[in-house]
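# Summary of the model geometry
As a plain string of letters, each chain reads:
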Amino acid sequence: MMSSVSSIAMDMDMDTESESPLTPLNVTQALWELALTTTTETAFSDDSNNNSIAVTEISYVPYARRPETYIVPILFAIIFVVGVLGNGTLIVVFLSVRQMRNV
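Remember, it's a predicted structure, so these values are computed and weren't measured experimentally.

### With respect to the overall build of the protein
Counting its secondary structure elements, the protein contains three helices and two strands. Counting from the amino terminus, helix and strand elements in the protein follow one another as α-α-β-β-α. When the 103 residues of the protein are sorted by exposure, 11% land in the buried category. Expressed as a percentage of contacts within the protein between residues at least 6 apart in sequence, the contacts between residues at least 24 apart total 20%. When the accessible area of the protein is evaluated, it comes to approximately 8,800 Å², of which 65% is carbon and sulfur surface.

In C-alpha cells:
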C-alpha cells in the first residue's frame, strides 16, 4: 500500500519525505493541476470536400488522479446506506404496526 502511495506521490511531483502524500493540501493541488490540464485542438480536413473537423485531444490522466475515481464510489455508498436504512425502517414499521399488514 505504501509503495503505491509513494508512486502516486512521485507521479504528482511531491516530496515523499517531507509530508504525507494524502494530506488535503496535496489532494487539492492534484485536483487543481488536473483541472488545468491543457487540451490541444487538431483540425482534420477531407481533401475531396474541404470539410474540416476539430478534434480535442486530452492528455492521459492516471486512474488514481481522476476525481471520479473517488466521487462515484462515495455516492454509491451513500445511496446504498440510505436505501438499506429506508427499507429497514419500512420493515420495522410493518412488523410493529399491525394495522399496516393489509393487502
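That was the structure; now back to the text.
### Considerations on the UniProt feature "transmembrane region" (unreviewed entry) in the protein
Here, the residues flagged by UniProt with the feature "transmembrane region" (unreviewed entry) are residues 70-97. Along residues 70-97 the backbone is 96% helical and 0% strand, and the end-to-end C-alpha distance reaches 41 Å.

### Description of a nonpolar patch on the surface
A grouping of Y70, I71, I74, L75, I78 and V82 is seen on the molecular surface, where their side chains present a nonpolar patch of about 600 Å² in accessible area. Take I71: it is sitting in helix α3 (residues 68-96). Among the residues examined, I71 registers a relative accessible area of 47% and is labelled partly exposed.

Reading the values: the criteria
Residues numbered from 1 in each chain as written. Predicted model: local features only at pLDDT ≥ 70, side-chain atom pairs only at ≥ 80, totals over all residues. Heavy atoms only, no water. Helix = DSSP H or I, 4+ residues; strand = E, 2+ residues; numbered from the N terminus. Buried < 20%, exposed > 50% of the residue type's maximum accessible area, 1.4 Å probe, protein only. Contact = heavy atoms within 4.5 Å. Areas by Shrake-Rupley, 256 points an atom, 1.4 Å probe, with all protein chains shown as cover. UniProt positions renumbered as here; feature names shortened; annotations may be inferred. Patch = residues over 30% accessible without salt bridge, like charges linked within 9 Å, V, L, I, M, F, W, Y side chains within 5 Å. Salt bridge = Lys/Arg side-chain N within 4 Å of Asp/Glu carboxyl O.

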